[in-house]
Amino acid sequence: MQFLQTTLIRIFYAIVLLVAVLVLNFSLMHLAPGDVADTISQSMGGADQELLDRIRSDYGLDQPFLVQLGRYIAGVLQFDLGFSFFYNQPVTKLIMERLPATLLLVVTAQLLALFLGVFLGVISARKPNGLTSHFVTFMALFGYAAPVFWTGILLLIGFSLHLHWFPVAGMRDVTISGGFWVHFVDVLRHLILPMITLASIFLALYSRLARATMMEVLGSDYVRTAKSKGLSQRQVVYKHALKNSLSPVITLAGLQFSAVISGAVLVETVFSWPGLGTLAFQSIIARDTPTILGILFFSALVVIVGNLLTDIALRLVDPRLRGRS
Amino acid sequence: MAPLLEVENLRIELTTRDGIAPVIDDLSFTLNAGETLSFVGESGCGKSMTALALMGLLPDKIGRVASGKIIFNNEDLTQASDARLREIRGNDISMIFQEPMTSLNPVFTIGEQIAEVLRAHQGLSRAAAWAKAVELLDAVRIPNPKGRASDYPFQMSGGQRQRAMIAMALACEPKILIADEPTTALDVTVQAQIFDLLTDLRRQTSAAIILITHDMGAVAEMAERMIVMYAGRKAEFGPVDQIITHPRHPYTKGLISCVPHIVSDMTEERPDLIEVPGIVPSLKDFGQDRCLFASRCAYVTDKCQASRPSKKLFSNGQIADCWHAEDL
Ligand SMILES: Nc1ncnc2c1ncn2[C@@H]1O[C@H](COP(=O)(O)OP(=O)(O)OP(=O)(O)O)[C@@H](O)[C@H]1O
Ligand SMILES: [Mg+2]
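A.B. asks: Any chance you could break down the overall build of chain A for me, citing the residues and the numbers?
C.D. replies: Along the backbone of chain A there are 13 helices and two strands. Principal-axis analysis of the C-alpha atoms gives chain A an extent of 85 × 55 × 40 Å. By residue count, 45% of the 325 residues in chain A fall in the buried class. Taking all contacts inside chain A whose residues are at least 6 apart in sequence as the whole, residues at least 24 apart take part in 72%. Just so you have it, chain A exposes about 17000 Å², and 70% of that area is on carbon and sulfur atoms.

Here it is in structure tokens:
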């Protein structure tokens, strides 16, 4: 019950935070020079002052700032993020088309980085001077040093252009037809390189932390107790020690969620992955304000939901956190 | 009848920054079925190391059995494989640790931590192991055992955790229970309760107990024989009542007179409270060929500084490693 209650409190805070993000985004965009009327007139090849004024009054841009903000927030609460003149579509629809691709990339990359990172961390903690341990250290250095787009381009050249193992760009091959599994495999083939690229940034981070916490936990009293009970190595390490060393890694993964999203923008651009990242990139170039605002809102939403999930995961792993809010 | 456990000339070496040090040097003793044998001695004299060696749990890469034998049921445990040791641990020989606050895993319920021993060694099903765990919690006198089994260690007091540890250690009815200062971290009233519990359980289970403690009162009450350790070596070994009434090693004498009530109970006279002056030598000096207690001893002679004392066996079963044992 306590668990449910604290979770509900968290959700409430998350909503408050989301509204704050909304206000901040809108205000910042409002401060920037240029508005929707400019965008529209540009796309029409220029317009005189009279036309600009008409557009402004049509879209309520001549209203006071607070009125505009109120309308925007009221709209968002009804899932209406405005209209993109650049794409000639409602922003909500635009984002909803792109969101699944981004979620797929972000979630699979995070999970890959987490599972592989923890696994490598555990192996290298058990043999601190072993081969895996040195590999983790090397990878950590590489992960920190190499820019994402560089890693991405390198993988593209190697595996797509030269070896032809994976497609070069996009998320699916439109020429393919078949049942669910055919499409599943197709998406998977497209997904692998961008996922690895995005995961590579975080893999190093997670495996190093997992290694450090695991080493500490393996020397703890309760691990000695577990050994004294005659449990197998596997149970001592993967049951008793692992569950205790997960919390720091999960916490870090939660903190990294926003970094994963911004990483996704770069990765999507490199691999032409049809997600929010490429959309963000294009709409910034086109100064498509409603779309940019919408994407910012959704990024915040994803980060907040990610943190909420992190919180729940942490409390599942560590019973001591369950009672606290 | 052969003793249940026979330790012969055990030497345990620790690799430290100053080199290799014999943290246990030439230790021999026997433990009979059902008996309670007590280890006493100052902090750092190697009591826990001895216990860990018996369990095959010396700290990885730091400690190792350099020579000697640990014979349990005609099997030398120093030569046993890891798999064989895992069969024995928690099943034939189990251990209660010094720190109840950190010795239980914080992220699993008490019930699960007890039940998993039963599943590992007795092949019980989940449900059967859990039911047995609840019974065991009841046996160590935890109120409302059914409810408490689903509690996590952080929801329990130190005394309750130590009870849970005892339940865990006794789950498979071991032949030997090693209790390493089971009460040191607890407050005095709880200490007495834990000792009472151990005494009762011992009667019920007929397990032999190796009791490591600083509490001479508990030794006098619970143990038949005792070993006094000093700086990794055995100072004195023998029946508890004999040693307490007539210690043959100056260190034992000092230890006992630190605890006036035992002596007064035994001898009806109340000597002044005296302490053992000085401190234990540091680990790197443990291997020296001299009496390591010499620097603190009132009876010291040149011989003590020149060579390590040999065993003196007395007719009442007492053994003391002191050049002057007969004179005391
Ligand atoms: N992991 C370790 N690495 C290095 N030295 C150790 C380690 N564990 C114990 N020692 C050293 O070994 C010696 C014996 O330690 P041990 O724990 O057996 O003492 P003890 O008699 O149990 O003392 P206490 O009454 O404080 O529990 C001490 O000098 C201690 O510093
Ligand atoms: Mg100790």
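A.B. asks: Hey, could you go over a nonpolar patch on the surface for me, with residue numbers and the actual values?
C.D. replies: Residue and element names in this part refer to chain A. A cluster of nonpolar residues, F135, F138, F142, F149, W150, I153, L154, I157, L161, V168 and L266, forms a patch on the protein surface that exposes about 1000 Å² of accessible area. Going through the elements one at a time, α6 (131–145) and α7 (148–162) are the ones with two or more residues in the nonpolar patch. By the secondary structure assignment, F135 is in helix α6. Relative accessible area serves as the criterion here: at 41%, F135 is assigned to the partly exposed category.

A.B. asks: So what's going on with the coordination of the magnesium ion (ligand 2)? Which residues, and what values?
C.D. replies: Six octahedral donors around a metal ideally sit at 90 or 180 degrees from one another, while four tetrahedral donors ideally sit at 109.5 degrees. With distances of 1.9 to 2.6 Å, the protein atoms coordinating the magnesium ion (ligand 2) are S48 of chain B (OG) and Q98 of chain B (OE1). Of this pair, S48 of chain B sits in helix α1 (residues 47–55) while Q98 of chain B sits in the loop between β6 (93–96) and α3 (100–103), placing them 50 residues apart in sequence.

A.B. asks: Can you break down the layout of surface pockets residue by residue, with the values?
C.D. replies: The probe, sized like a water molecule, is rolled over the atoms to show the empty space still left. In this structure, the largest pocket encloses a volume near 1200 Å³. Listed by contribution, the elements that provide at least two residues to the lining of the largest pocket are α5 (91–126), α8 (180–218), α9 (221–228) and α10 (233–255) of chain A together with α1, β4 (63–72) and α2 (82–88) of chain B. Taken together, the residues that form the lining of the largest pocket break down as 20 nonpolar, seven polar and ten charged. Put simply, the second largest pocket is a space of about 690 Å³. For the second largest pocket, the lining is made up of 22 residues, of which F26, V36, Y59, L61 and Y72 of chain A are closest to its centre. Both domains that meet at the lining of the second largest pocket, namely domain 1 (2–91) and domain 2 (98–321) of chain A, each give it at least three residues.

A.B. asks: Can you tell me about the packing of aromatic side chains, naming the residues and giving the values?
C.D. replies: Inspection of the entire model under this criterion finds 15 aromatic pairs over all chains. Of the aromatic side chains, those joined through ring pairs into one cluster are F26, F65 and Y72 of chain A. Over the ring of F108 of chain B we find K239 of chain A, and its NZ or CZ is 5.3 Å from the ring centre. Stacked on the ring of F108 of chain B, the Lys or Arg K243 of chain A has its end atom at 4.9 Å from the ring centre.

A.B. asks: Before we move on, could you go through empty space enclosed by the protein and cite the residues and values that matter?
C.D. replies: Taken as a whole, this structure holds five cavities of 30 Å³ or more when the rule is applied. What the largest cavity holds in volume is close to 130 Å³. What lines the largest cavity is Y230, R233, K234, A235, H249, C291, L292, F293, R308, P309 and D321 of chain B. For the lining of the largest cavity, the per-class residue count stands at six nonpolar, one polar and four charged. When its volume is computed, the second largest cavity comes out at roughly 60 Å³. What lines the second largest cavity is T225, S228 and K229 of chain A together with G90, S94, M95, V117, M165, M168 and A169 of chain B. Counted by class, the lining of the second largest cavity contains five nonpolar, four polar and one charged residues.

A.B. asks: Residues and numbers for the domain arrangement of chain A, please.
C.D. replies: Residue and element names in this part refer to chain A. Domain annotation for chain A reports domain 1 (2–91) and domain 2 (98–321). Computed from C-alpha coordinates alone, the two centres of domain 1 and domain 2 are separated by 32 Å. In this complex, domain 1 contributes 26 residues to the contact, which on the side of domain 2 involves 23 residues. Both faces combined, the contact of domain 1 with domain 2 buries some 2200 Å², and carbon together with sulfur accounts for 73% of it. By the criterion of area lost to domain 2, the three top residues of domain 1 are L18, M29 and Y87, representing 25% of everything that side buries.

A.B. asks: Got a sec to walk through the sheet that holds strand β8 (residues 208–212) of chain B? Specific residues and values, please.
C.D. replies: Residues and elements named next belong to chain B. As summarised here, the arrangement of the eight strands in space is β6-β7-β8-β3-β9-β10-β12-β11, forming an open sheet in which the pairing is mixed. Whereas interior strands pair on both sides, the edge strands pair on one side only; in this sheet they are β6 and β11 (311–313). If you compare each strand with its neighbour and ignore which way they point, the axes differ by 20 degrees on average. Of the pairings in the sheet, the one linking strand β10 (residues 233–239) to strand β12 (residues 319–321) comprises two bridges and is antiparallel in character. Considered in β12, the bridge of E236 is made with A320. Strand contacts of helix α7 (residues 158–170): β6 and β7 (176–180), with the helix running at about 175 degrees to β6, the strand carrying the most contacts.

A.B. asks: Before we move on, could you go through helix α12 (residues 276–285) of chain A and cite the residues and values that matter?
C.D. replies: Among all positions in α12 of chain A, only L276, G277, T278, L279, A280 and S283 of chain A are buried. As for α12 of chain A, its buried residues are in contact with α5, α11 (257–271) and α13 (289–317) of chain A.

A.B. asks: Provide a residue-level description of the interface of chain A and chain B, including the pertinent values.
C.D. replies: Between chain A and chain B, the residue contacts involve 20 residues of the former and 26 residues of the latter. When chain A packs against chain B, close to 2100 Å² is buried across both sides, 57% of that on carbon and sulfur atoms. In terms of surface lost to chain B, no three residues of chain A exceed R224, S228 and K229 of chain A, which account for 27% of the buried area on that side. Applying the counting rule to chain A against chain B returns four salt bridges. The salt bridge partner of E99 of chain B is R224 of chain A, with a shortest N-O separation of 3.5 Å.

A.B. asks: If you had to explain the pattern of salt bridges to someone new, which residues and values would you point to?
C.D. replies: In the structure shown here, the tally under the stated rule is 27 salt bridges over all chains. For E35 of chain B, the salt bridge goes to R225 of chain B, with nearest N and O atoms at 2.8 Å. Placement of E35 of chain B in the loop between β2 (19–31) and β3 (36–40) and of R225 of chain B in strand β9 (residues 225–230) is noted, with a sequence separation of 190 residues between them. One exposure class covers both E35 of chain B and R225 of chain B, and it is buried. Between E87 of chain B and R84 of chain B there is a salt bridge, with its nearest N and O atoms 2.8 Å apart. Taken as a pair, E87 of chain B and R84 of chain B lie in helix α2 at a separation of three residues, close to a single helical turn. Residue class for E87 of chain B comes out partly exposed when judged on its relative accessible area of 45%. One continuous salt-bridge network, built from bridges that share partners, spans K229 and K239 of chain A together with E112, E116, R119 and R126 of chain B.

A.B. asks: Please provide a residue-by-residue account of the environment of S310 of chain B, values included.
C.D. replies: Relative to the helices and strands, S310 of chain B is located in the loop between α13 (302–306) and β11. Sequence separation of S310 of chain B and R126 of chain B is 184 residues, and the distance between their C-alpha atoms is 54 Å.

A.B. asks: Describe α8 of chain A, with residues and values.
C.D. replies: Look at α8 of chain A: only 45 Å from first C-alpha to last across 39 residues, short of the 57 Å you get at 1.5 Å a residue. The largest bend in α8 of chain A comes to about 40 degrees, at S200 of chain A.

What counts and what doesn't
- Residues numbered from 1 in each chain as written.
- Chains lettered and ligands numbered in written order.
- Predicted model: local features only at pLDDT ≥ 70, side-chain atom pairs only at ≥ 80, totals over all residues.
- Heavy atoms only, no water.
- Helix = DSSP H or I, 4+ residues; strand = E, 2+ residues; numbered from the N terminus.
- Buried < 20%, exposed > 50% of the residue type's maximum accessible area, 1.4 Å probe, protein only.
- Contact = heavy atoms within 4.5 Å.
- Areas by Shrake-Rupley, 256 points an atom, 1.4 Å probe, with all protein chains shown as cover.
- Patch = residues over 30% accessible without salt bridge, like charges linked within 9 Å, V, L, I, M, F, W, Y side chains within 5 Å.
- Salt bridge = Lys/Arg side-chain N within 4 Å of Asp/Glu carboxyl O.
- Donors = N, O, S within 2.8 Å, 3.2 Å for Na, K, Ca; no water.
- 1 Å grid on protein atoms, 1.4 Å probe; cavity = no way out; pocket = protein on both sides within 12 Å on 5 of 7 lines; lining within 4 Å.
- Points joined across faces, edges and corners; volume = space filled by probe spheres on them.
- Nonpolar A, V, L, I, M, F, W, Y, C, P; charged D, E, K, R; others polar.
- Domains from an automatic or database assignment.
- Phe/Tyr/Trp six-rings, centres within 6.5 Å; stacked < 30°, edge-to-face > 60°.
- Lys NZ or Arg CZ within 6 Å of the ring centre and 35° of its normal.
- Buried area = accessible area lost by both parts, 1.4 Å probe.
- Pairing = 2+ DSSP bridges.
- Axes fitted to C-alpha atoms, helices over the stretch in contact; angles between N-to-C directions.
- Expected span 1.5 Å × (residues − 1).
- Bend = angle between axes of the 7 residues up to and from the residue.

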